[in-house]
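# Descriptive structure summary
The chain contents come next:
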Amino acid sequence: MTYITLSMSSDASGIQNLDINSEGFYTNFMGDCVSVIVLWDRDVATGRYRNGRGMHGAGGVGNIAWAELFQNVPDNAATRIIGV
């Protein structure tokens, strides 16, 4: 399995998209940070999400680039938001 490792960031440059060959995200060491992952466009046949985006906000939830993280993400019940 291949995972995207989220790099600590305090701005939108830290947002990373799930690529076609990856199965998920790895947050790395958290400390006082917060990671948020958004998953959407779930394939019903496989149960896997076709799209995902994540950010490891250095220093806490105030450093998550919320607007950019949710840009072009559908606002519906199938979209999943995971915070760690």
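The structure contained in this document is the topic of the report that follows. (Residues numbered from 1 in each chain as written. Predicted model: local features only at pLDDT ≥ 70, side-chain atom pairs only at ≥ 80, totals over all residues. Heavy atoms only, no water.)

## Notes on the overall build of the chain
Using the following cut-off: The numbering of helices and of strands both runs from the N terminus, where a helix is a DSSP run of H or I of at least 4 residues and a strand a run of E of at least 2. Any residue under 20% of the maximum accessible area for its type is buried, any over 50% is exposed, and the rest in between are partly exposed; the area is computed with a 1.4 Å probe on protein chains only. Whether two residues touch is decided by their heavy atoms; if any such pair falls within 4.5 Å, the residues are in contact. For the area figures, the Shrake-Rupley method with a 1.4 Å probe applies, and any residue is considered shielded solely by the protein chains shown. None of His or the chain ends enter the tally, which takes Lys and Arg as positive and Asp and Glu as negative. Note on charges: their place is set at NZ of Lys, CZ of Arg, CG of Asp or CD of Glu.
Within the chain, the regular secondary structure consists of one helix and seven strands. Taken from the N to the C terminus, the helices and strands of the chain come in the order β-β-β-β-β-β-α-β. Along the first, second and third principal axes, the C-alpha atoms of the chain reach 40 × 30 × 20 Å. The buried share among the 84 residues of the chain stands at 37%. Taking as baseline every contact in the chain between residues at least 6 positions apart, the subset at least 24 positions apart corresponds to 52%. Counting every atom, the chain has about 5,100 Å² of accessible surface; 51% of that belongs to carbon and sulfur. One finds the centroid of the 5 positive side-chain charges in the chain at a distance of 10 Å from the centroid of its 8 negative side-chain charges.

## Things to note about the pattern of salt bridges
Rules: One side-chain nitrogen of Lys or Arg within 4 Å of one carboxyl oxygen of Asp or Glu is enough to make a salt bridge.
The final tally for this structure, using the stated rule, is two salt bridges. The partner of R50 in a salt bridge is D41, and the shortest N-O contact between them spans 3.0 Å. A salt bridge links R50 to D43; the nearest nitrogen and oxygen atoms lie 3.4 Å apart. For R50, a relative accessible area of 46% puts it in the partly exposed group.

In short, shape yes, function no, at least from these values alone.
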